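# Working through the structure, step by step
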Amino acid sequence: MFAYDFMRNAFLASTFIAITCGTVGVYVVARNFSFLAHTLSEIGFAGAAFAVWLGIGSLWGMLLFTLLGSISVGELSLHSEQKESSISAISALFTGLGVLFLAISGVNSNYATNILFGSIIGVDKQGVVQLVLLSVIVLLMIFSIQKALNFDSFDHIGALAHGVKSGWVSLIFLIALAMSVSIGAQIVGSLLVFILLTLPPATANYLGKTIGAMIAWSIFFALIGVWLGLYLGFLTNLPVTFFIAVIEVAIYLITYFTHVIKRSL
Amino acid sequence: MSEILNVNNLTMRFDKKTVFKDLNFKLEEGSMTALLGPNGTGKTTLINILMKMFPPTAGSFKFAADVRLGYVPQFRNLDAEYPLSIAAFTGLNAPLIKSKKVKDIINKQLKETNLYDIRNTRMGEASGGQKQRAYLAQALLDNPNVIILDEATASLDPMAKEELMQLIEHLNEKHNITVLFVTHDVPLATKYMQNYLYLNHQQIAQGRMADFKEEYE
């Protein structure tokens, strides 16, 4: 398997993406941002379609749209009473825009499928370097605000009472989240990138009792999903995204039911 | 005894509604004071101003120069699935990667608040009294000499109330921590607090808890 260049690239890129999404995801779940991660996936799709229309790399269009979307949705949901409805409205608008950009750029449906469902096997050397670099930037951003981010995400009221500058923490985190969505979408596709950002950390919630342990479990499950998914995709020639989704859901359900059974005993 | 807080003509208005007007009072170092008053009279607003979470409309207040404030707010939204252990929750007020020294300080506060033996219990599974003690332990990590508790006993059963109040009394006696305790519970305040502040009708009254006679209306 590793004799092929494209498989080596795919493994390297997805390893970094899994580490990034696994880490960021712990805070997505703690801050109740799962729905936002979902919306950002759709905004990312519009961004990729926009990039196709402009004739630039889809990653850059996604970054542009998710950064703008993340900050505006994040601010909106912080200040609006109608949090879910306002996010739904934005999500509808962006999905519509994505469809429009794809139609007017006249690309074939194969390209659209790649944006929506991922194409890790198609990532070249340069793409890998970009993804690894962006992953490292996201991890550095999270690390640089980790104390305030931990406090604010896991005990927002306590953090406020303590004078943590929660506005800044929230803004930096939203930027990191937008970047994670954009890079994660390169393997699992924009439609399913929220899998890596929500399922491994949701599973980790049942297993870890400290933030460090939760991040470790979350990365572990994200890595199992992408590695095993790539391997099974290579063996069967079926979509990698399908395997990643099934593996993450299975791990989550097994952990969830074990937790429920343990609690009822 | 020296003064630790001096409040001067403090006034707060939201739009046109006056919450309180020209409040004047002082707190002495090492004192235990209950902040009493009916719902909606602005007790939490007053605390938020003292915590510098927003500025007053008029007037001023001054803490002593060496003051280190600890604050335990009224509501926390931790559900039953909340994952962090009591120790990890307390340690949120410290870096993620903890040195031996930081760990020792956390363990010391966990022992002080009688949580050390259950430090690995998840906060989501802890009782109301254990949660309140963990909030207190988290605030104690800063080594405060003034601690403000907002309705800390409101949702607790009688046993847990007594346990928390004894802990607060212990912190006051052993570490000379000045306590400002916001509550509705007059009997509890009478038992544990020395002084009262009574906020109602936009005004504040101060006195010894033993002499407290104001009626709730």
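Fair warning: this is a prediction, and the values are worked out from it, not measured in the lab.

## Quick word on the sheet that holds strand β4 (residues 58–63) of chain B
Residues and elements named next belong to chain B. Read from one edge to the other, the open sheet built from 3 strands follows the order β2-β1-β4, with strand pairing classed as antiparallel. What marks the edges here is a single partner per strand, and that holds for β2 (17–28) and β4. Within this sheet the neighbouring strands show an average axis-to-axis angle of 15 degrees, counted without direction. By the bridge criterion, 8 bridges tie strand β1 (residues 3–14) to β2 in an arrangement that is antiparallel. Bridge pairing links Leu5 to Leu27 in β2.

## So, the sheet that holds strand β6 (residues 146–150) of chain B
Residue and element names in this part refer to chain B. Pairing is mixed in the open sheet, where 6 strands are placed in the order β5-β6-β7-β3-β8-β9. Each edge of the open sheet is held by one strand with a lone partner, namely β5 (69–72) and β9 (203–208). On average, adjacent strands in this sheet sit at an angle of 15 degrees to one another, irrespective of strand direction. Relative to strand β8 (residues 195–200), strand β3 (residues 32–36) runs parallel, the two sharing 4 bridges. Bridging across to β8, Leu35 finds its partner in Leu197. Here helix α1 (residues 43–50) sits on the sheet and contacts β3, β6, β7 (178–182) and β8; the angle it forms with β6, its principal contact strand, is near 150 degrees. Sitting on the sheet, helix α4 (residues 128–140) is in contact with β5 and β6, with an inclination near 160 degrees to β5.

## Re unusual backbone geometry
Residue and element names in this part refer to chain B. In this structure, Lys52 is a non-glycine residue whose phi angle is positive, near 60 degrees. Examined against the element boundaries, Lys52 turns out to sit in the loop between α1 and β4. Within the chain, His201 stands out as a residue other than glycine whose phi angle is a positive 50 degrees. Positionally, His201 belongs in the loop between β8 and β9. C-beta crowding within 10 Å serves as the criterion here: with 11 such atoms nearby, His201 is assigned to the exposed category.

## Details of the interface of chain A and chain B
Listed as interface residues are 17 residues of chain A and, on the opposing side, 18 residues of chain B. Elements with a minimum of two residues in the side of chain A that touches chain B: α7 (146–154), α8 (156–161) and α11 (211–236) of chain A. At 5 residues, α7 of chain A tops the list of elements feeding residues into the side of chain A that touches chain B. Of the residues in the side of chain A that touches chain B, the class split is 6 nonpolar, 8 polar and 3 charged.

## Section: helix α4 (residues 83–105) of chain A
Residue and element names in this part refer to chain A. If you check α4, its first and last C-alpha atoms are 33 Å apart, about what 23 residues at 1.5 Å a residue would give, namely 33 Å. Ile87, Ser91, Phe94, Gly98, Phe101 and Leu102 are the residues of α4 that are buried. Note on α4: the residue one or two positions beyond its end, Gly106, has a positive phi of about 65 degrees.

## Re the packing of helix α6 (residues 125–144) of chain A against helix α9 (residues 166–188) of chain A
All names here are of chain A. Relative to each other, α6 and α9 sit at 155 degrees, their axes nearing to 10 Å. Relative to α9, the element α6 is oriented roughly antiparallel. In the crossing of α6 with α9, the sense of the turn from one axis to the other is left-handed. Touching Leu131, Leu134, Ser135, Ile137, Val138, Met141 and Ile142 of α6 are Ile172, Ala176, Met179, Ser180, Ile183 and Gln186, all from α9. A class-by-class count of the residues in the contact of α6 with α9 yields 10 nonpolar, 3 polar and no charged.

## Describing the environment of Ala48 of chain A
All names here are of chain A. The residue Ala48 is located in helix α2 (residues 34–54) in this model. Between the C-alpha atoms of Ala48 and Pro239, which are 191 residues apart in sequence, the distance is 20 Å. When neighbours within four sequence positions are excluded, Ala48 is seen to be in contact with Ser58, Gly61, Met62, Ile115 and Ser190.

Here is what the cut-offs are and how they apply
Residues numbered from 1 in each chain as written. Chains lettered and ligands numbered in written order. Predicted model: local features only at pLDDT ≥ 70, side-chain atom pairs only at ≥ 80, totals over all residues. Pairing = 2+ DSSP bridges. Helix = DSSP H or I, 4+ residues; strand = E, 2+ residues; numbered from the N terminus. Axes fitted to C-alpha atoms, helices over the stretch in contact; angles between N-to-C directions. Contact = placed C-beta atoms within 7 Å. Buried ≥ 20, exposed ≤ 12 C-beta atoms within 10 Å, placed from the backbone. Nonpolar A, V, L, I, M, F, W, Y, C, P; charged D, E, K, R; others polar. Expected span 1.5 Å × (residues − 1). Parallel < 35°, antiparallel > 145°, perpendicular 65-115°, else oblique. Left-handed = near helix turned anticlockwise from the far one by under 90°.

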